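Each chain, letter by letter, is given below.
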Amino acid sequence: PWKLRFETTLLHEDIYRNRHKDIRDIPVPERLFNLDLDIGEQKDVKQHHKDVVERLRGYADVIRADIGDARKEMKGENVRPVGLPV
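These notes cover the structure that comes with them. Everything quoted here is computed from the prediction, not taken from an experiment. Along each chain, residue indices are assigned from 1 in the same order as the chain's sequence is written. Local features in a predicted model are, by the rule used here, given only for residues with pLDDT of at least 70; side-chain atom pairs are given and counted only at 80 or more, and totals for whole chains, interfaces and linings are based on all residues. Water and hydrogen atoms play no part in the side-chain values, which are based on all heavy atoms of the structure.

Quick word on the packing of aromatic side chains
Argument step 1. Only centres within 6.5 Å qualify two rings of Phe, Tyr or Trp (six-membered ring in Trp) as a pair; their planes then separate them into stacked at under 30 degrees, edge-to-face at over 60, and tilted for everything else. For the structure shown, the criterion picks out 0 aromatic pairs.
Argument step 2. Only lysine NZ and arginine CZ atoms are considered, and such an atom sits over a ring when it is within 6 Å of the ring centre and within 35 degrees of the ring normal. The positively charged end of arginine 64 is found above the aromatic ring belonging to phenylalanine 6, 4.9 Å away from the centroid.

This is the structure in structure tokens:
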């Protein structure tokens, strides 16, 4: 049921960027939501579930190593040009 939203900025949040053309690059902190209890992502429960946050960060690190992360300027080990066979 968990969703970890990584630290970002308002410029990278589509909901703000598409509605406000003059948005500044304001930081948005990392947040954790339990979608079973809070489908609207209104209550950050990160402070109460640090074990979940660490587990989800670990999964993200594995995926970043595999496919990369443009925001962190990381190239993944298994990235290939689009449309070409492996």
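So, the pairing of strand β4 (residues 31-34)
Within a regular strand, the side chains alternate between the two sheet faces.
Argument step 1. Burial of the side chains of β4 extends over both faces: Arg31 and Phe33 are buried on one face and Leu32 and Asn34 on the other.
Argument step 2. If DSSP finds at least two bridges between two strands, the strands pair. Here a helix means four or more residues in a row that DSSP labels H or I, a strand means two or more in a row labelled E, and each is numbered from the N terminus. Across 4 bridges, strand β1 (residues 2-5) lies against β4 in antiparallel orientation. Bridge pairing in β4 places arginine 5 opposite arginine 31. Each residue's exposure class comes from its accessible area (1.4 Å probe, protein chains only) as a fraction of the maximum for that residue type: buried when under 20%, exposed when over 50%, partly exposed otherwise.

Here's the deal with the environment of arginine 5
Argument step 1. With respect to the secondary-structure elements, arginine 5 resides in strand β1.
Argument step 2. On the accessibility criterion, arginine 5 (23% relative accessible area) is partly exposed.
Argument step 3. Along the chain, arginine 5 and leucine 32 lie 27 residues apart, while their C-alpha atoms are 6.2 Å from each other.
Argument step 4. Polar contact criterion, stated in full: a pair of N or O atoms within 3.5 Å, where within protein one must be able to donate a hydrogen and the other to accept it, and residues adjacent in sequence count only if both atoms are side-chain atoms. Here glutamate 41 takes part through its side chain, which lies 3.4 Å from a polar atom of the side chain of arginine 5.

Describing the environment of lysine 50
Argument step 1. For lysine 50, the location among the structural elements is in helix α2 (residues 50-67).
Argument step 2. Residue classification places lysine 50 among the exposed positions, given a relative accessible area of 53%.
Argument step 3. Sequence-wise, lysine 50 and leucine 32 are 18 residues apart; in three dimensions their C-alpha atoms are separated by 9.3 Å.

Considering unusual backbone geometry
Argument step 1. Phi is positive for glutamate 41, which is not a glycine, with a value near 55°.
Argument step 2. Looking at the element boundaries, glutamate 41 is found in the loop between β4 and α2.

Here we look at the nonpolar core
Argument step 1. Among the nonpolar cores identified, the biggest contains 6 residues, and these are Leu4, Leu32, Val45, Val52, Val53 and Leu56.
Argument step 2. At 3 residues, the largest contribution of residues to this core is made by α2.
Argument step 3. When checking whether two residues touch, look at their non-hydrogen atoms; a contact exists if any pair is within 4.5 Å. Look past the residues within four positions of leucine 4 in its chain and what remains in contact with it is Glu30, Arg31, Leu32, Val53, Leu56 and Arg57. Side-chain atoms within 4.5 Å link the members of a nonpolar core, which is a set of buried Ala, Val, Leu, Ile, Met, Phe, Trp, Tyr and Cys residues.

Don't take any of this as a statement about function, it's just geometry.
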